[in-house]
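Descriptive structure summary
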Amino acid sequence: MSRSPLPHNKLQVHYRVLQQGETATVWVAGTTAGDTVPERWPAWLSMTRIQWFPAWLEGEQLDWALLQQLRLSHPMADQVAVDRVTVLRQGVVLQER
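All figures in this text were calculated on a predicted structure; none of them were measured in a lab. (Residues numbered from 1 in each chain as written. Predicted model: local features only at pLDDT ≥ 70, side-chain atom pairs only at ≥ 80, totals over all residues. Heavy atoms only, no water.)

On to the overall build of the chain, then. Helix and strand counts for the chain stand at 1 helix and 3 strands. The N-to-C order of helical and strand elements in the chain reads β-β-α-β. Residues counted as buried form 23% of the 97 residues belonging to the chain. Look at the contacts in the chain between residues 6 or more apart in sequence, and 72% of them connect residues 24 or more apart. Accessible area for the chain stands at about 7,400 Å²; split by element, carbon and sulfur atoms hold 52% of it. (Helix = DSSP H or I, 4+ residues; strand = E, 2+ residues; numbered from the N terminus. Buried < 20%, exposed > 50% of the residue type's maximum accessible area, 1.4 Å probe, protein only. Contact = heavy atoms within 4.5 Å. Areas by Shrake-Rupley, 256 points an atom, 1.4 Å probe, with all protein chains shown as cover.)

So, about the environment of Leu70. Tracing the backbone through its elements, the reader meets Leu70 in helix α1 (residues 59-73). On the accessibility criterion, Leu70 (1% relative accessible area) is buried. Linking Leu70 and Ala81, residues 11 residues apart in sequence, is a C-alpha distance of 8.9 Å. Setting aside residues up to four positions removed in sequence, Leu70 forms contacts with Tyr15, Arg49, Val80 and Val82.

Here α1 is 15 residues long and its end C-alpha atoms lie 21 Å apart, about the 21 Å a rise of 1.5 Å per residue gives. When α1 is considered as a whole, its buried residues turn out to be Leu62, Ala65, Leu66 and Leu70. One side of α1 holds all its buried residues, which, seen down the axis, span an arc of 130 degrees. More than 90 degrees from the buried face of α1, the exposed residues found are Glu60, Trp64 and Leu72. (Expected span 1.5 Å × (residues − 1). Arc of directions from axis to C-beta.)

Ranked by size, the top nonpolar core spans 12 residues in total: Leu11, Val13, Tyr15, Val17, Phe53, Leu57, Leu62, Ala65, Leu66, Leu70, Ala77 and Val80. Elements represented by at least two residues in this core include exactly β1 (7-29), α1 and β3 (77-93). (Core = buried A, V, L, I, M, F, W, Y, C linked by side-chain atoms within 4.5 Å.)

Pasting the structure below:
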């Protein structure tokens, strides 16, 4: 039985990863003018990737698939958040190798 290749979309995914131990110093204003207190807050690392995904994935299915793929790529991350997805190419049939 021959399978016909399914079309794929090339996506550019902008996302953030919250990883254990990554912190940023944030200066929090105190109660009096000029009084600031440095605190260490968890730091989100911003990243971008370009990836092919099946064209039939849309909406919530695409969101879920993207998050699963990002969690596999960043297993040590506490959280992963997708900020923006841009379609670079639509409906391309990828050749099997």
